[in-house]
Amino acid sequence: MPPKNKKNEADVSDDKFMRAARFGRVKNDLKMGFVGLPNVGKSTLTNLLCGACHAEAANYPFCTIDPNMVQAIVPDQKFKYLVDTWKPPSVVPAALKIVDIAGLIRGAAEGAGLGNAFLSHIAAVDGIFHLVRAFESDEIVHVDDTVDPIRDLETIQYELCLKDKEALSKVIEKEKDRIRKEKGIARSAEPPLGETFKSAYEKCMQLIESNTPVQTFEDFSMGEVDIIREFGLITTKPQIYVVNMSKRNFLRKGNKWLPKIQAWVNEHGGGQIIPMSCEFEQDLMDLQDDKEAQKAFIQECNDEVKAMGLSGPLFAVKSVVPRLIRSGRQSLCLQSFYTAGPKEVRAWTIMKGTHAPQAAGVIHTDFERGFIKAEVANFDDFKALHKGERGMAKVKEAGKYRQEGKTYVMQEGDIVVFMHNVTTSKKK
């Protein structure tokens, strides 16, 4: 049995995302990867997220041999408002890097199919979109002949956990070698392992043996987290479960597999589930150059929903692609701050909890090295106060334009000007 979490929150909160990302790299350039069996829609969805056909989407199990990386523009109404206000010649939105990883099959951890290479590609990303197929199609073959998302979830989770179990089998000897070297103990001696190391190892092993991702367990101590981060486990990565349904099931917001998938996810540590339809999204994307045709297509879908006897905000038809991009970014604990002016409006990506000097360093290393202060306006204050002006004069008049120092923690949507001073050292 895996260790029990003390909390059992149904809502997915920022705090939960922070827990999921605590094992990851502290970087602004993080990547999400699509993981799943062959022919579940990974390449199609990757194409949809970036708005262009970067991956070779074909009905063949191993058509994506090398991971395809694309950048998906982050939907951001605040950024759009700043662009519409300043109307600069240069506009640079935030983007989320997404990797399309070729499909896994049962036995991948032992090298079946192209398994070992694919598992190394999964290890190289920072978060996982776990895509499962819940649609029937005579044209798109299933690697196991029949559609069964629960079986597919079990297969992928088993392979990821098996790879982690293999990694865990090496960490004890590695830790012993580290202690021997640190304490100058002979290789023949058996050094004592620390209590924190032992508890971290045992908790991880219990979770992995029960096919439960390590990142879902809430009650690791900070010391255990620091140790587990060095284990290099795949299941420490944040996971979002994406369910690819038929267009009809997506429109009616129902599928016979959804309750079973929800139950399975709950039994394996919980997580966010996003139902969607590549079929619907592709039809919508095909009309992207004709906004009127897109509008007519959405209306046609809404009429179809009404004909099913379904109504209300829950059944309003809209694309799930923006939600997928935002959810992926949120799972990696990334956020934006803005620089805005007559020449350029740009969204800069940082991790939650980043201090002002390190945020300045994302723009240029000299900004961090010579950081003096940050002049900051909250987006909501700017929107409420600027009265159409392309500047901060009204915000300053209202006392809402702040000066922050080195300890300031950046907030989502900050509009910032960094003051810095870097002098070049004189030649001797």
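Please refer to the structure higher up on the page.
Residues numbered from 1 in each chain as written. Predicted model: local features only at pLDDT ≥ 70, side-chain atom pairs only at ≥ 80, totals over all residues. Heavy atoms only, no water.

Engineer: Help me out: how do you make sense of the overall build of the protein chain in this one?
Structural biologist: A tally of helices and strands in the protein chain yields 16 helices and 12 strands. Taking all 428 residues of the protein chain together, 47% fall into the buried category. Sequence separation of at least 24 residues holds for 72% of the intrachain contacts in the protein chain that already meet a minimum separation of 6. Carbon and sulfur atoms make up 51% of the accessible area of the protein chain, which amounts to about 21,400 Å² in all. (Helix = DSSP H or I, 4+ residues; strand = E, 2+ residues; numbered from the N terminus. Buried < 20%, exposed > 50% of the residue type's maximum accessible area, 1.4 Å probe, protein only. Contact = heavy atoms within 4.5 Å. Areas by Shrake-Rupley, 256 points an atom, 1.4 Å probe, with all protein chains shown as cover.)

Engineer: I keep staring at the nonpolar core and nothing clicks. Help me out?
Structural biologist: Among the nonpolar cores identified, the biggest contains 78 residues, and Leu-45, Leu-49 and Ile-261 are the most heavily contacted of them. Those residues in contact with Leu-49 that sit more than four places away from it in its chain are Phe-34, Ala-72, Ile-98, Val-321, Leu-324 and Ile-325. Of all hydrophobic cores here, the second largest spans 20 residues; its members include Phe-197, Ala-200, Val-214 and Leu-233. (Core = buried A, V, L, I, M, F, W, Y, C linked by side-chain atoms within 4.5 Å.)

Engineer: How should helix H12 (residues 321–331) be read in this particular structure?
Structural biologist: Side chains of residues three or four places apart in an α-helix project in the same direction, reflecting 3.6 residues per turn. Looking only at H12, the buried set comprises Val-321, Leu-324, Ile-325, Ser-327, Gly-328, Arg-329 and Ser-331. Of the residues flanking the end of H12, it is Cys-333, one or two places downstream, whose phi is positive at about 60 degrees.

Engineer: Honestly, helix H5 (residues 149–183) in this entry has me stumped. Any pointers?
Structural biologist: Taking 1.5 Å as the rise per residue, H5 with 35 residues should run 51 Å; its terminal C-alpha atoms sit 51 Å apart, in good agreement. Gly-184 occupies a position one or two residues after H5 and carries a positive phi of about 70 degrees. (Expected span 1.5 Å × (residues − 1).)

Engineer: Got a minute to help me understand the pattern of salt bridges in this structure?
Structural biologist: Oppositely charged side chains can form a pair if their charged atoms are brought close together. With the rule as written, the count across this model stands at 19 salt bridges. Between Asp-283 and Lys-247 there is a salt bridge, and its shortest N-O distance comes to 3.9 Å. Note that Asp-283 is positioned in helix H10 (residues 278–285) and Lys-247 in helix H8 (residues 247–251), a separation of 36 residues in sequence. Members of the salt-bridge network, linked through shared partners, are Glu-173, Asp-177, Arg-180 and Arg-187. (Salt bridge = Lys/Arg side-chain N within 4 Å of Asp/Glu carboxyl O.)

Engineer: Sorry if this is basic, but what is going on with the sheet that holds strand S1 (residues 31–35) here?
Structural biologist: The pairing of strands in a sheet happens through backbone hydrogen bonds and is either parallel or antiparallel. With mixed pairing, the six strands of this open sheet are ordered in space as S2-S4-S1-S5-S6-S7. Either end of the sheet is taken by a strand with one partner, and the two such strands are strand S2 (68–73) and strand S7 (272–276). Strand-to-strand twist in this sheet, taken as the mean axis angle between neighbours without regard to direction, amounts to 25 degrees. Relative to strand S5 (residues 127–133), S1 runs parallel, the two being bridged by four bridges. Directly across from Met-32, in S5, lies its bridge partner Gly-127. Here H12 sits on the sheet and contacts S1, S2, strand S4 (95–100), S5, strand S6 (239–244) and S7; the angle it forms with S7, its principal contact strand, is near 160 degrees. (Pairing = 2+ DSSP bridges. Axes fitted to C-alpha atoms, helices over the stretch in contact; angles between N-to-C directions.)

Engineer: Got a minute to help me understand the environment of Pro-342 in this structure?
Structural biologist: Turning to its location among the elements, Pro-342 is positioned in the loop between strand S8 (334–340) and strand S9 (344–351). On the basis of relative accessibility, which here comes to 64%, the residue Pro-342 falls in the exposed class. Through-space distance from the C-alpha of Pro-342 to that of Thr-85 is 9.5 Å; in sequence the pair is 257 residues apart. If we ignore the near neighbours within four places in the chain, the residues touching Pro-342 are Trp-86, Pro-88 and Pro-89.

Engineer: It is not clear to me how the side chain of Glu-224 should be interpreted in this structure. Could you clarify?
Structural biologist: Tracing the backbone through its elements, the reader meets Glu-224 in helix H7 (residues 222–229). Side chain to side chain, Glu-224 and Ser-199 meet in a polar contact 2.6 Å long. (Polar contact = N/O pair within 3.5 Å; in protein donor to acceptor, adjacent residues only side chain to side chain.)

Engineer: Where do I start with the packing of H10 against helix H11 (residues 291–307) in this structure?
Structural biologist: Helix-helix packing: each pair is described by the crossing angle between the helix axes and the interaxial distance. Packing of H10 against H11 leaves a shortest axis separation of 9 Å and a crossing angle of 150 degrees. Across the interface between the two elements, Phe-280, Asp-283 and Leu-284 from H10 touch Gln-294, Phe-297, Ile-298 and Cys-301 from H11. Classifying every residue of the contact of H10 with H11 by side-chain character gives five nonpolar, one polar and one charged. (Nonpolar A, V, L, I, M, F, W, Y, C, P; charged D, E, K, R; others polar.)

Engineer: So what exactly am I meant to see when it comes to the environment of Pro-191 here?
Structural biologist: As for its placement among the helices and strands, Pro-191 is situated in the loop between H5 and helix H6 (195–209). Placed 11 residues apart in sequence, Pro-191 and Arg-180 show a C-alpha to C-alpha distance of 6.6 Å.

Engineer: Before we go on, may I ask you to explain the pairing of S1 in this structure?
Structural biologist: On any regular strand, side chains alternate: one points to one face of the sheet, the next to the other face. With five of five residues buried, S1 lies mostly within the body of the structure. Neither face of S1 is left uncovered, since the one carrying Lys-31, Gly-33 and Val-35 and the one carrying Met-32 and Phe-34 both have all their residues buried. Bridge count between S1 and S4: four bridges; the pairing is parallel. Bridge assignment links Met-32 to a residue of S4, and that residue is Ile-98.

Engineer: Quick question: what am I supposed to make of the packing of H5 against helix H9 (residues 258–267) here?
Structural biologist: One can describe the packing of H5 onto H9 by two numbers: an axis separation of 9 Å at closest approach and a directional angle of 25 degrees. Classified by the angle their axes make, H5 and H9 are roughly parallel. Considering how the two elements wind past one another, H5 and H9 form a crossing that is right-handed. Residues Pro-149, Ile-150, Leu-153, Glu-154 and Gln-157 of H5 form the contact with H9, whose own contacting residues are Lys-260, Ile-261 and Trp-264. Taken together, the residues of the contact of H5 with H9 break down into five nonpolar, one polar and two charged. (Parallel < 35°, antiparallel > 145°, perpendicular 65-115°, else oblique. Left-handed = near helix turned anticlockwise from the far one by under 90°.)

Engineer: Any chance you could explain the side chain of Asn-249 here in plain terms?
Structural biologist: In this fold, Asn-249 is placed in helix H8. Within the structure, Asn-249 has its side chain in polar contact with the side chain of Arg-252 (distance 3.0 Å). In this view, Asn-249 contacts Gly-254 and Asn-255; residues no more than four positions away in its chain are not counted.

Engineer: Can you help me understand the packing of aromatic side chains in this one?
Structural biologist: The geometry of two aromatic rings is summed up by the distance between their centres and the angle between their planes. Summed over all chains, the structure comprises 13 aromatic pairs. Pairing Phe-34 with Phe-129 gives two aromatic rings, centres 4.9 Å apart and planes at 25 degrees, and the pair type is stacked. Within this pair, whereas Phe-34 is found in strand S1, its partner Phe-129 is found in strand S5, the two being separated by 95 residues in sequence. One exposure class covers both Phe-34 and Phe-129, and it is buried. Counting every residue linked through ring pairs, the aromatic cluster contains Phe-337, Trp-348, Phe-371 and Phe-418. Above the face of the Phe-250 ring, Lys-253 is positioned so that its terminal group lies 4.9 Å from the ring centre. (Phe/Tyr/Trp six-rings, centres within 6.5 Å; stacked < 30°, edge-to-face > 60°. Lys NZ or Arg CZ within 6 Å of the ring centre and 35° of its normal.)

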